[in-house]
Amino acid sequence: MHEKLGLYIHIPFCRSKCDYCDFYSLAGREDRMDDYQRALLAHMKETAPLARNYQVDTVYFGGGTPSFYGEKRLLGLLGQIRRRFDLAREAEVTVECNPDSVDRRMLTRLRRAGVNRISLGVQSACNGELAAVHRPHTFEQAKEAVAAVRAAKIKNLSLDLIYGLPGQGEGSWEQTVEQALLLEPEHLSCYGLKVEEGTPLWGRVRRGEVLPDDDAQADMYLWTVDRLAQAGYRQYEISNFARPGFQSRHNLKYWMCKPYLGFGPGAHSDFGDRRYSFVRDLEGYISGVLEGGRIIDEEELIPRRERGSEYLMLRLRTTRGIEEWEYRREYFMNFEPIEQKLIEYERQGWAARQDRRWHLTPKGFLVSNQLIGELLERQEPVNLSELVAKAAREFGRPEERT
């Protein structure tokens, strides 16, 4: 049975750069798309032998704006993946799109090539809010794009929305959510706006522009959790909600610490007990792949203790949460100091326990960075003799459980 693997392909091209965007993406560089395609194809060919014992069950084209890259190039990349990797028959294949760069014909060709999930960057139902952050589309175009997705017979649609935008209030955010629900997506990602240093929005805030504050964002978030639950969307991660069976299988790989390979400038990988990323430089990546230069920016081997920290940080982003014996067994870490803190969080309404699993509540998600930081400070190695004794007390000897 082959281990499962995710592939992430970064497409760094955009029609225009949004004011809040801190991802590695470039506007006005369409002239480099063909050379970038050559580099991606060569990089996949070179890397594929390392994954011969894996079956690829998720593929994610992110950006940037993959739909702006063009269907012909995307189809070429999908063909290379099929040739070079063991792609599962039921693999989840996602393409991120902007409403202004898709149509029915394009989406139909992608679906026939194996794309079965579209993530559409809608962000707001208010055209004024979209214009305020220089989104390249209107909400009317978003509705047309959703119609094109359905006409192309793609049955798994995710919409991205942002709360905390300039000029946004609780009323306009609630209107955005209601309008999104009318479009009947299978999945919704609702992100709080973060002002990243160096972005145009960061400069605007430094010059005095006022955005919705933390309290306003918290109210929008908690209302959203309740409203989407009423509409049949189950929260499974801090910002992600899905109808039954439509969780993002690819993104769950990140949160569940499963292996994945990334391609493209700024892309990250977690593969073979090693985490690494590629240079955030389009020209450096192209020349490095095609001419034999170094393209790795950072890399490190991940010791077991650090994996235990990742388990806490990433699993507690999800509603599945963490479990004592999962933690002890996989990472040889003592759970008791962690549980003592979780019990405190439970009293505050920040955490909850279901059967043997702990997870953060929506109120806990609002302060998750602080809570998880405190849990990480309490990590300590397990005493193996105490672990064996505790296991015997809780579960009995094997012959007693049959």
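As the structure is a computational prediction, the values presented were derived from the model and not from experiment.

**Let's talk about the overall build of the protein chain**
Here is step 1 of the chain: Within the protein chain, the regular secondary structure consists of 17 helices and 17 strands.
Here is step 2 of the chain: Taken against the 2.2 N^0.38 rule, which gives 21 Å for 402 residues, the C-alpha radius of gyration of the protein chain at 22 Å falls within 12% of a compact globule.
Here is step 3 of the chain: By its C-alpha atoms, the protein chain is 65 × 50 × 40 Å across when sized along the principal axes.
Here is step 4 of the chain: Every one of the 402 residues in the protein chain was classed for burial, and the buried ones make up 54%.
Here is step 5 of the chain: Look at the contacts in the protein chain between residues 6 or more apart in sequence, and 71% of them connect residues 24 or more apart.

**Observations regarding the confidence of the model for the protein chain**
Here is step 1 of the chain: Counting all residues, the mean pLDDT for the protein chain is 92, and 94% of those residues have values of 70 or more.
Here is step 2 of the chain: Note that pLDDT drops below 50 for residues 383-402; the model gives that stretch 17 contacts with residues more than four away or on any other chain.

**Examining the packing of helix H14 (residues 336-348) against helix H16 (residues 368-377)**
Here is step 1 of the chain: Orientation of H14 relative to H16, taken along the N-to-C sense of each, is 150°, at an axis distance of 9 Å. As judged from the angle between their axes, H14 and H16 are roughly antiparallel. When the axes of H14 and H16 are compared, the crossing they make is right-handed. Contacts between H14 and H16 involve Ile-338, Lys-341, Leu-342 and Tyr-345 from the first element and Leu-371, Glu-374 and Leu-375 from the second.
Here is step 2 of the chain: Here the residues of the contact of H14 with H16 are counted per class, giving five nonpolar, no polar and two charged.

**Examining the pairing of strand S4 (residues 54-63)**
Here is step 1 of the chain: Of all 10 residues in S4, 10 are buried; the element is thus mostly enclosed.
Here is step 2 of the chain: Sheet analysis places strand S1 (residues 3-11) next to S4, joined by nine bridges and oriented parallel. Of the residues in S4, the one forming a bridge with Ile-9 is Phe-61.
Here is step 3 of the chain: As paired elements, S4 and strand S5 (residues 87-97) share five bridges and run parallel to each other. Following the sheet pairing, Thr-58 is matched in S5 by Glu-92.

**Observations regarding the environment of Leu-50**
Here is step 1 of the chain: Within the fold, Leu-50 resides in the loop between helix H1 (33-47) and S4.
Here is step 2 of the chain: A residue is classified by how much of its surface remains accessible, and Leu-50, at 59% relative accessible area, is exposed.
Here is step 3 of the chain: In sequence terms Leu-50 and His-134 are 84 residues apart; their C-alpha atoms lie 41 Å from each other.

**What about the packing of helix H3 (residues 71-84) against helix H4 (residues 104-112)?**
Here is step 1 of the chain: Between H3 and H4, the least distance of the axes is 10 Å, while the angle of their chain directions is 5°. Judged by the angle between their axes, H3 and H4 are roughly parallel. On H4, the residues that touch Glu-71, Leu-74 and Leu-75 of H3 are Arg-105, Met-106, Arg-109 and Leu-110.

**Focus on the state of the cysteines**
Here is step 1 of the chain: On inspection of all chains with the given rule, the structure shows zero disulfides.
Here is step 2 of the chain: Sulfur of Cys-21: no disulfide; nearest cysteine sulfur belongs to Cys-14 and is 6.2 Å away.
Here is step 3 of the chain: Accessibility expressed as a relative area gives 16% for Cys-21, which makes it buried.

**Quick notes on unusual backbone geometry**
Leaving glycine aside, a negative phi is the common case for residues, and trans is the common case for peptide bonds.
Here is step 1 of the chain: A cis amide bond links Gly-63 with the next residue in sequence, Gly-64, at an omega value of 15°.
Here is step 2 of the chain: Topologically, Gly-64 is positioned in the loop between S4 and helix H2 (66-69).
Here is step 3 of the chain: Positive phi, close to 60°, is recorded for Asp-355, a residue that is not glycine.

**Overview of empty space enclosed by the protein**
Here is step 1 of the chain: Going through the model one piece at a time under the given rule, you end up with one cavity of 30 Å³ or more.
Here is step 2 of the chain: Counted as a void, the largest cavity has a volume near 40 Å³.
Here is step 3 of the chain: Lining the largest cavity are Cys-14, Arg-15, Ser-16, Thr-65, Phe-68, Asn-98, Asp-100, Ser-101 and Pro-136.
Here is step 4 of the chain: Looking at the lining of the largest cavity residue by residue, the class counts come to three nonpolar, four polar and two charged.

**Digging into the nonpolar core**
Here is step 1 of the chain: If you look at the biggest cluster of nonpolar residues, it comprises 99 residues, and the most contacted ones within it are Ile-9, Phe-61 and Tyr-285.
Here is step 2 of the chain: Apart from the residues within four sequence positions on either side, Phe-61 is in contact with Ile-9, Pro-66, Leu-74, Leu-77, Leu-78, Ile-81, Val-93, Thr-94, Val-95 and Glu-96.
Here is step 3 of the chain: Counting residues in hydrophobic clusters, the runner-up holds nine residues, among them Tyr-20, Cys-21, Val-133 and Leu-201.

**Considerations on helix H7 (residues 170-182)**
Here is step 1 of the chain: With 13 residues, H7 extends 19 Å between its outermost C-alpha atoms, agreeing within 8% with the 18 Å of an ideal straight helix rising 1.5 Å per residue.
Here is step 2 of the chain: Listing the buried residues of H7 in full gives Ser-172, Trp-173, Thr-176, Val-177, Ala-180 and Leu-181.
Here is step 3 of the chain: At its buried positions, H7 is contacted by strand S6 (117-123), helix H5 (127-132), strand S7 (157-163), strand S8 (187-192) and helix H9 (214-230).
Here is step 4 of the chain: Of the residues one or two after H7, Glu-184 is the one with positive phi, at around 55°.

**Remarks on the sheet that holds strand S16 (residues 351-354)**
Here is step 1 of the chain: Strand order in this open sheet of three strands is S15-S17-S16, and the pairing throughout is antiparallel. If you trace the sheet from one side to the other, it starts and ends with strand S15 (322-323) and S16, each paired once.

**Here's the deal with the pairing of S5**
Here is step 1 of the chain: Along S5, eight of the 11 residues are buried, which leaves the element largely enclosed by surrounding structure.
Here is step 2 of the chain: Summarising the sheet, S5 and S6 pair through four bridges and their orientation is parallel. Bridge assignment links Cys-97 to a residue of S6, and that residue is Leu-120.

**Digging into a negative patch on the surface**
Here is step 1 of the chain: Judged by side-chain charge, Glu-170, Asp-213, Asp-214, Asp-215 and Asp-219 come together as a negatively charged surface patch.
Here is step 2 of the chain: Looking at the negative patch, the element that brings in the most residues is H9, giving three residues.
Here is step 3 of the chain: Among the secondary structure elements, Asp-213 is positioned in the loop between helix H8 (200-206) and H9.
Here is step 4 of the chain: Since its relative accessible area comes to 47%, Asp-213 is described here as partly exposed.

What counts and how
Residues numbered from 1 in each chain as written. Predicted model: local features only at pLDDT ≥ 70, side-chain atom pairs only at ≥ 80, totals over all residues. Heavy atoms only, no water. Helix = DSSP H or I, 4+ residues; strand = E, 2+ residues; numbered from the N terminus. Rg over C-alpha atoms; globule rule 2.2 N^0.38 Å. Buried < 20%, exposed > 50% of the residue type's maximum accessible area, 1.4 Å probe, protein only. Contact = heavy atoms within 4.5 Å. pLDDT = per-residue confidence, 0-100. Axes fitted to C-alpha atoms, helices over the stretch in contact; angles between N-to-C directions. Parallel < 35°, antiparallel > 145°, perpendicular 65-115°, else oblique. Left-handed = near helix turned anticlockwise from the far one by under 90°. Nonpolar A, V, L, I, M, F, W, Y, C, P; charged D, E, K, R; others polar. Pairing = 2+ DSSP bridges. Disulfide = S-S within 2.5 Å. 1 Å grid on protein atoms, 1.4 Å probe; cavity = no way out; pocket = protein on both sides within 12 Å on 5 of 7 lines; lining within 4 Å. Points joined across faces, edges and corners; volume = space filled by probe spheres on them. Core = buried A, V, L, I, M, F, W, Y, C linked by side-chain atoms within 4.5 Å. Expected span 1.5 Å × (residues − 1). Patch = residues over 30% accessible without salt bridge, like charges linked within 9 Å, V, L, I, M, F, W, Y side chains within 5 Å. Areas by Shrake-Rupley, 256 points an atom, 1.4 Å probe, with all protein chains shown as cover. Salt bridge = Lys/Arg side-chain N within 4 Å of Asp/Glu carboxyl O. Lys, Arg positive; Asp, Glu negative; His and termini not counted. Charge placed at Lys NZ, Arg CZ, Asp CG, Glu CD.

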